[in-house]
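Take a look at the letters that make up each chain.
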Amino acid sequence: MGSPRLAMVGAFVIGGLLLFAVGLFLIGDRRLLFSEQFEVEADFGNVAGVEIGTSVRLSGLPAGEVIGIAIPGEPGGRFVVRMRVREDLHALVRADSEAAILSDGLLGSAYIQLRAGTGAAPLVADGGSLAGVDAVEMSDLIVEGRETFRIAADEMTRMRAELSATFGDLGDTVTATNRLLAEVGTGVRMMSEASADLVAESRGLVADVRTVMSTVAAGQDAVEDVLRETEAAMGAVRGSAQEVERAIVRFSGPGSVTDRLLDDARTAMRHAREVMADVADNTEALKRNWLFRGFFAERGFYNLDELTRDEYRALEADERYTVLRVWLAADRLFEEGGEGADGTLMLRVDAGRRIDEAMGELLQYPRTSPLVVEGYSTLREDGPRMNDARRRAELVHDHVARTFGRPAGATAAMPLGAEAPDSPARDGRWDGVALTLFVETERLAGTAAEQ
Amino acid sequence: MSEPGAAIRLEGVSKAFGTFRVLDDVTLRIPRGRATVVLGRSGTGKSVMLRHIVGLLQPDAGRVFVGEDEITALPPAGLAAVRQRIGFLFQNAALFDSITVAENVAFPLRRHTTLSDAEIRTRARDKLAAVGLARAAESMPASLSGGMRKRAGLARAMALDPAILLVDEPSAGLDPVTSGEIDDLLASTRQERGTTLIVVTHNIPSARRLADAMLFLHEGRVLARGSAADLEQSEHALVRRFMRSEAGG
Amino acid sequence: MRGFVRTVIVPWLAQGGRVVVFAGRALREMFRPPFEVRETARQVYEVGWRSLPLIAAAGYAVGIVMSMHTRASLERFGAEALIPAALALALVRETGPLVVGLLVSGRVGAGIGAELGAMKVTEQIDALEAVAVDSFKFLVVTRVAACMLAMPILTVVMNFTGIVGGWTAESAVSGMGFESYFRAAFSLVQFTDYLPGTLKTMVFGFIIAVTASYLGVHASGGTQGVGQAATRSVVTASVLMIATNVVLVRLIFFVFPETAE
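Student: How should the sheet that holds strand β9 (residues 213-218) of chain B be read in this particular structure?
Tutor: Backbone-to-backbone hydrogen bonds pair the strands of a sheet. The strands run either parallel or antiparallel. All names here are of chain B. Strand order in the open sheet formed by six strands is β6-β7-β8-β3-β9-β10, and the pairing between neighbours is mixed. Every interior strand has two partners, whereas the edge strands, β6 (86-89) and β10 (221-226), have only one. Neighbour-to-neighbour, the strand axes of the sheet open up by a mean angle of 15°, direction not taken into account. Pairing of β9 with β10, which is carried by five bridges, proceeds in the antiparallel orientation. Within β10, the residue paired with Met214 across the bridge is Gly226.

Student: Quick question: what am I supposed to make of the packing of aromatic side chains here?
Tutor: Working definition: an aromatic ring pair is given by the centre-to-centre distance plus the angle between the planes. Taken as a whole and assessed by the stated rule, the structure comprises 15 aromatic pairs over all chains. With 5.1 Å between their ring centres and 80° between their planes, Phe22 of chain C and Phe136 of chain C make a pair best called edge-to-face. Of this pair, Phe22 of chain C sits in helix α1 (residues 2-30) while Phe136 of chain C sits in helix α6 (residues 135-174); the two residues are 114 residues apart in sequence, bridging distant segments of the chain. No difference in accessibility class separates Phe22 of chain C from Phe136 of chain C, as the two residues are buried. Measuring from ring centre to ring centre gives 5.2 Å for Phe22 of chain C and Tyr214 of chain C, while their planes differ by 80°; the resulting arrangement is edge-to-face. With a gap of 192 residues between them, Phe22 of chain C in helix α1 and Tyr214 of chain C in helix α8 (residues 191-217) connect regions that are remote in the sequence. The residues Phe22 of chain C and Tyr214 of chain C share a single accessibility class, namely buried. In textbook terms, an aromatic cluster arises when at least three aromatic residues are bridged by ring pairs, as seen for Phe20 of chain A together with Phe160, Trp167, Phe178, Phe182, Phe186 and Tyr194 of chain C. It is Arg9 of chain B that lies over the ring of Phe65 of chain B; its NZ or CZ is 4.2 Å from the centre.

Student: Is there a simple way to think about helix α3 (residues 52-75) of chain C in this case?
Tutor: Residues separated by three or four positions in an α-helix point in the same direction, a consequence of the helix having 3.6 residues per turn. Taking 1.5 Å of rise per residue, the 24 residues of α3 of chain C would be expected to cover 34 Å, and the 33 Å separating its terminal C-alpha atoms lies within 8% of that figure. Along α3 of chain C, the residues that are buried comprise Leu52, Ile55, Ala58, Gly59, Val62, Gly63, Met66, Ser67, Thr70, Arg71 and Leu74 of chain C.

Student: Is there a simple way to explain the packing of α6 of chain C against helix α7 (residues 178-185) of chain C in this structure?
Tutor: A pair of packed helices is captured by two measures, namely the crossing angle of their axes and the spacing between those axes. Residue and element names in this part refer to chain C. Where α6 meets α7, the axes come as close as 10 Å, and the angle between the chain directions of the two elements is 125°. Comparing their axes, α7 and α6 come out oblique. Crossing angle aside, the handedness with which α6 passes α7 is right-handed. Here α6 contributes Phe160, Ile163, Val164, Gly166, Trp167 and Glu170 to the contact with α7, which in turn contributes Phe178, Tyr181, Phe182 and Ala185. Among the residues making up the contact of α6 with α7, the classes are represented as eight nonpolar, one polar and one charged.

Student: Sorry if this is basic, but what is going on with helix α10 (residues 382-404) of chain A here?
Tutor: Residue and element names in this part refer to chain A. If you check α10, its first and last C-alpha atoms are 32 Å apart, about what 23 residues at 1.5 Å a residue would give, namely 33 Å. Restricting attention to buried positions, one finds in α10 the residues Arg385, Asp388, Ala389, Arg392, Ala393, Leu395, Val396, His397, His399 and Val400. Buried residues along α10 sit in contact with β9 (334-336), β10 (345-347), α9 (351-362), β11 (371-376), β12 (411-417) and β13 (432-440).

Student: Looking at this structure, how should I read the sheet that holds strand β2 (residues 55-58) of chain A?
Tutor: All names here are of chain A. Reading around the circumference, β1-β4-β3-β2-β6-β5-β7 is the order of the seven strands in this closed barrel, with mixed pairing throughout. Each strand of the sheet is rotated relative to its neighbour by a mean of 35°, with strand direction disregarded. Sheet analysis places strand β5 (residues 98-103) next to strand β6 (residues 110-115), joined by six bridges and oriented antiparallel. In the strand pairing of β6, Ile101 is matched with Ile112.

Definitions and limits used
Residues numbered from 1 in each chain as written. Chains lettered and ligands numbered in written order. Predicted model: local features only at pLDDT ≥ 70, side-chain atom pairs only at ≥ 80, totals over all residues. Heavy atoms only, no water. Pairing = 2+ DSSP bridges. Helix = DSSP H or I, 4+ residues; strand = E, 2+ residues; numbered from the N terminus. Axes fitted to C-alpha atoms, helices over the stretch in contact; angles between N-to-C directions. Phe/Tyr/Trp six-rings, centres within 6.5 Å; stacked < 30°, edge-to-face > 60°. Buried < 20%, exposed > 50% of the residue type's maximum accessible area, 1.4 Å probe, protein only. Lys NZ or Arg CZ within 6 Å of the ring centre and 35° of its normal. Expected span 1.5 Å × (residues − 1). Parallel < 35°, antiparallel > 145°, perpendicular 65-115°, else oblique. Left-handed = near helix turned anticlockwise from the far one by under 90°. Contact = heavy atoms within 4.5 Å. Nonpolar A, V, L, I, M, F, W, Y, C, P; charged D, E, K, R; others polar.

Interpretation note: all reported values are geometric properties and have no functional meaning in isolation.
This is the structure:
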């Protein structure tokens, strides 16, 4: 055993012990065994995850460790956790400092966070105590959160029921709401702000729409403008519905905000619903009023072509209008054109005069009163009969439109077939056309009174 | 009962390994300063007897004396003291193969003397020179031939100048010439130092060269004892036949 | 059945008893003079110093691999900051001691088994006795003491090289500095992890050395017996060590309840 080998043995043993000591020092250093320190206490109702050696941090800085946990003598008492803290941080630990049990992320171990006190409060003496803020446990948060979202879900379900009663667009919103309830995101504040805006906007909107509606009710002179405005209002409502949807998608978060948020959302929805109800009522009324068919047809809401004969007949029963008819027989108006296999129907040369005479009877009534040229035909087969009736109505309608310059949409052609209960013919059938004027009953009374 | 001048005595020593009785009530005495050769066929307990003398084996029955010390009754410390008076040359030399030849020889000196390191080195070198191995002193045992190992083993066995030298099969595994050289070394050692020599062998020429007296062991018992001439005239045919064979190894 | 008991169970138990007696003797002789200081130092050189490259390399590799695995699992929870501490805790508590134990039982256990086995079959042990040396003290006690001394040191080396390995892997990914890694690594290790974890390897060292010495000293049957002694040393020492570790872990938990997390 030569001396080089002995030196190696010495190096091995001494080096090993040194390395061992480095480890001891690193642990001891963390545990403040080699620096000055003082002790403080804090009490907690729950010390989950805290044990002797649990680290203590002051404003995030490693500050010491737990050296003891005193168990309360009776149920409901509080655990007193004793901690050893670096002396050089003593100046920050004041009487108003607080201790809280926190955790390093979802998986991390628990640690005790000391909040630095204010300069006004006195220093905490060695062995003194601090207020302990109880830990919010993740599991509690989850339970709480689940409750919040259950309430939210109920609210949403109720809101969905209300909303689906109003408008289809909002139905989509509810779908989005339901989707949202499954996946909770972040951004509660954004939602509440957005919904506050929404509420204000909805209020304005309601006012606007009401104005529009009163205008509609006031008169028909500017009916086109009114309807255009109504449409704009509806667009705005649809837009705000989408905004609600977007806001709801961003929705999430703890209870307190949620409640306010839900209120806001509910208010927004209520306003929106009012608007919708108004718009819907009025629009529905307008829609029923086939007289605006041109307007409606143009917008895809309504088309006279789609109106069946029976529906047209039903409209005649509308008490708001009085129906005035001038009957014209086919043989005095039409002749067969020479060319064409189907025999093109044409107005006779003198038909214009006869139509003008008939119109003369109707000119005394307000110009905006809708005029429908009803076509009748007594051909035996259904197809040719309706064709014939339409052709006749259209020919006369075109002449009237050309000659009398009726307001757009206030004149229409309507093929009705053979049945004409009110016709001069005894058999309740008519072969020809009828110029039918729908005069508002109220105004008819006025006109009649003048005469 | 003990006669003065006996270096070693065995009294009624028996030893069995399992059911196999290797020594069966052996009683004998080895005279001081003489060379005694123990003969016998392989496996007749010759080596076992040798090991009893240094206490490497304990007898099942009987007593073993080295000089006046009954080693079968000695505490470990006493036994160690007795062992220092005995050199043992093992069949294959049994050199410590992790240290050099010189250190092998120096080993007993380091353990049992207070000599300085330099003195020990000198002594070891002298012992190796005496067996003609001065040049192999710094070799490792594994690099030596069989004869050289035996000589190194002899040097180590003689390191403490023991009064008694036990030799187990000095000729085993050696050619006749080398074997003869070892025998010469043993003979000269005995003559120069007056060492009591006990040699176990079944090599007759070797035995004849060395022996002052002979013992013939057979089946755990001493079958014959005396000079070479006595054994040649033995009443036992086996002994006579054994003595006539010149076979080595 | 009775034959089985007599021919298998009883000898097996007897063998176990002999090992226990052997171990007890080793422990007793260790504290009884004379002390074989030089020979013990030589064994420390053999067991400790010469195992250093193996242990350091293995520790480094283990550190890298563990760091990568730890990262893979902690990354999912966004807890990458815990990687150094998790690695160090695992190393210090269990991985370091066990890996060192297995490596040493492989390298040193086999060495002792083979060396003593060879000495036994070539009569070197008898030769030692013949020159009035207590072969048990000289051969067995020195090796047991050397293993008990070297094991904790090797474990510390393993732990540190493991942390260095972990840092290598970590810095390749996140470029973390060595000192901050080192401090982070020790941020969760307690004395109650570090001391028992390191010192229990003395028990491992004892088991390895005693088992290998016993099998070596009782080797028979020439060269084949030597090989057998070496192989059986490694196997028996490893199994005994792992089994003992289970008991030790329970015992440490019992003595230091705060480590049982």
